[in-house]
Amino acid sequence: MRRSIAFALAGVMLCALPVCAAPSPSAAVVATTTAAVTEESSVPATVQEAAAAQGKSVGEYTNNAVVSVPGLSEVTPMGQGGHVIINGAPSNVIFFLTKPSAAAVASAKSQAAVLGGKVLNVVTTTSQVVGKFGTAQVNFYAKGVKAGQLIKVYQFVDGEWVELTVAEIREDHVVVDMTSHGTLAFIEVPAVQ
């Protein structure tokens, strides 16, 4: 009985072995594909165009990050990698980061001056999956941030900067509680004496 099962399985395996290989691409196909890639990099032009449409570099666009902001000479690179906790439940949702307007940056600088602080970055959040939510706990990657650093996060709402709750600050991360998408200013403030 075991032999017959073994032979049957061997037969099935022999029938499954032939593999149909795809034909090799012709030189014309390779030349056409190569033409779609820009001369200065190996990134398809469509990604470069999408990045340019958002005013981002290709690196910023592909990494969902903002590393330079018009109007800020020193910027703490910021990104968001997903796993946003929406209404108390873990998710795979990503909050996309875009660059703010020049007016928003100027306003954030004014807010920082009132606080005696320094703007680390200004970003605007959006999501293709979740437009509205009750609460969202968002982990922002903030390169160079240290645990214990005093950072306040403000959201621009109806012409005013509204302080958000910062749930945690740890090495390279600032975790923020939000109730809507919008423009956020990350401001380092001096320690209270």
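Residues numbered from 1 in each chain as written. Predicted model: local features only at pLDDT ≥ 70, side-chain atom pairs only at ≥ 80, totals over all residues. Heavy atoms only, no water.

Undergrad: How should I be thinking about the environment of Ile187 in this particular structure?
TA: Position of Ile187 relative to the elements: it lies in strand S10 (residues 183-188). For the pair Ile187 and Gly117, spaced 70 residues apart in sequence, the C-alpha to C-alpha distance is 6.3 Å. Excluding residues within four positions of it along the chain, Ile187 makes contact with Ala108, Gln111, Ala112, Leu115, Gly117, Lys118, Val119, Leu120, Leu150, Ile151, Lys152 and Tyr154. (Helix = DSSP H or I, 4+ residues; strand = E, 2+ residues; numbered from the N terminus. Contact = heavy atoms within 4.5 Å.)

Undergrad: Whenever I open this one, the packing of aromatic side chains confuses me. Can you help?
TA: When we look at a pair of aromatic rings, we describe it by the centre distance and by the angle of the planes. For the structure on display, the rule yields three aromatic pairs. Ring geometry for Phe95 against Phe133: centres 5.6 Å apart, planes inclined by 35°, an arrangement best described as tilted. With a gap of 38 residues between them, Phe95 in the loop between strand S3 (85-86) and strand S4 (96-98) and Phe133 in the loop between strand S5 (118-126) and strand S6 (136-142) connect regions that are remote in the sequence. Exposure remark for Phe95: the relative accessible area of 0% places this residue in the buried category. Ring geometry for Phe140 against Phe186: centres 5.2 Å apart, planes inclined by 75°, an arrangement best described as edge-to-face. Taken as a pair, Phe140 in strand S6 and Phe186 in strand S10 lie far apart in primary sequence, 46 residues in all. Residue Phe140 shares its accessibility class with Phe186, and that shared class is buried. (Phe/Tyr/Trp six-rings, centres within 6.5 Å; stacked < 30°, edge-to-face > 60°. Buried < 20%, exposed > 50% of the residue type's maximum accessible area, 1.4 Å probe, protein only.)

Undergrad: Looking at this structure, I do not really get the pairing of S6. What am I missing?
TA: Side chains on a regular strand alternate between the two faces of the sheet. In S6, alternate side chains face the same way, and those of Ala136, Val138, Phe140 and Ala142 are buried while those of Gln137, Asn139 and Tyr141 on the opposite face are not. Here three bridges tie strand S2 (residues 78-80) to S6, and the two strands are oriented antiparallel to one another. Note that in S6 the partner of Gln80 across the bridge is Phe140. As judged from the two bridges shared by S3 and S6, these two strands associate in the antiparallel manner. Residue Ile86 lies in a different strand from S6, and its bridge partner there is Ala136. (Pairing = 2+ DSSP bridges.)

Undergrad: What is the right way to look at the pairing of strand S9 (residues 173-178) in this model?
TA: By the bridge criterion, six bridges tie S6 to S9 in an arrangement that is antiparallel. In the sheet register, Val138 faces S9, and the bridge partner there is Val176. Strand direction decides the pairing type here: strand S8 (residues 160-170) and S9, joined by five bridges, are antiparallel. The residue of S9 that forms the bridge with Ile169 is Val174.

Undergrad: Help me understand the side chain of Asn121 in this model?
TA: Mapped onto the secondary structure, Asn121 falls in strand S5. For Asn121, the side chain forms a polar contact with the main-chain oxygen of Val66, separated by 3.1 Å. Those residues in contact with Asn121 that sit more than four places away from it in its chain are Val66, Val69, Leu72, Val75, Thr76, Pro77, Met78, Leu184, Ala185 and Phe186. (Polar contact = N/O pair within 3.5 Å; in protein donor to acceptor, adjacent residues only side chain to side chain.)

Undergrad: What exactly am I supposed to notice about the pattern of salt bridges here?
TA: Once the charged atoms of two side chains with opposite charge are near each other, the side chains can pair. Evaluated as defined, the whole model comprises five salt bridges. With a closest N to O distance of 3.9 Å, Lys146 and Glu171 form a salt bridge. Of this pair, Lys146 sits in the loop between S6 and strand S7 (151-157) while Glu171 sits in the loop between S8 and S9, and the two are 25 residues apart along the sequence. Residue Lys146 is classed as partly exposed on the basis of its relative accessible area of 47%. For Glu171, a relative accessible area of 42% translates into the label partly exposed. For Glu163, the salt bridge identified is with Lys152, shortest N-O distance 3.7 Å. With Glu163 in strand S8 and Lys152 in strand S7, this pair connects stretches of sequence that are 11 residues apart. (Salt bridge = Lys/Arg side-chain N within 4 Å of Asp/Glu carboxyl O.)

Undergrad: In this structure, what is going on with the side chain of Ser91? I would like to understand it.
TA: With respect to the helices and strands, the residue Ser91 is situated in the loop between S3 and S4. Looking at Ser91, its side chain comes within polar contact range of the main-chain oxygen of Val84, at 2.5 Å. One polar contact links the side chain of Ser91 to the main-chain amide nitrogen of Val93, over a distance of 3.2 Å. Aside from chain neighbours lying at most four places away, what touches Ser91 is His83, Val84 and Ile86.

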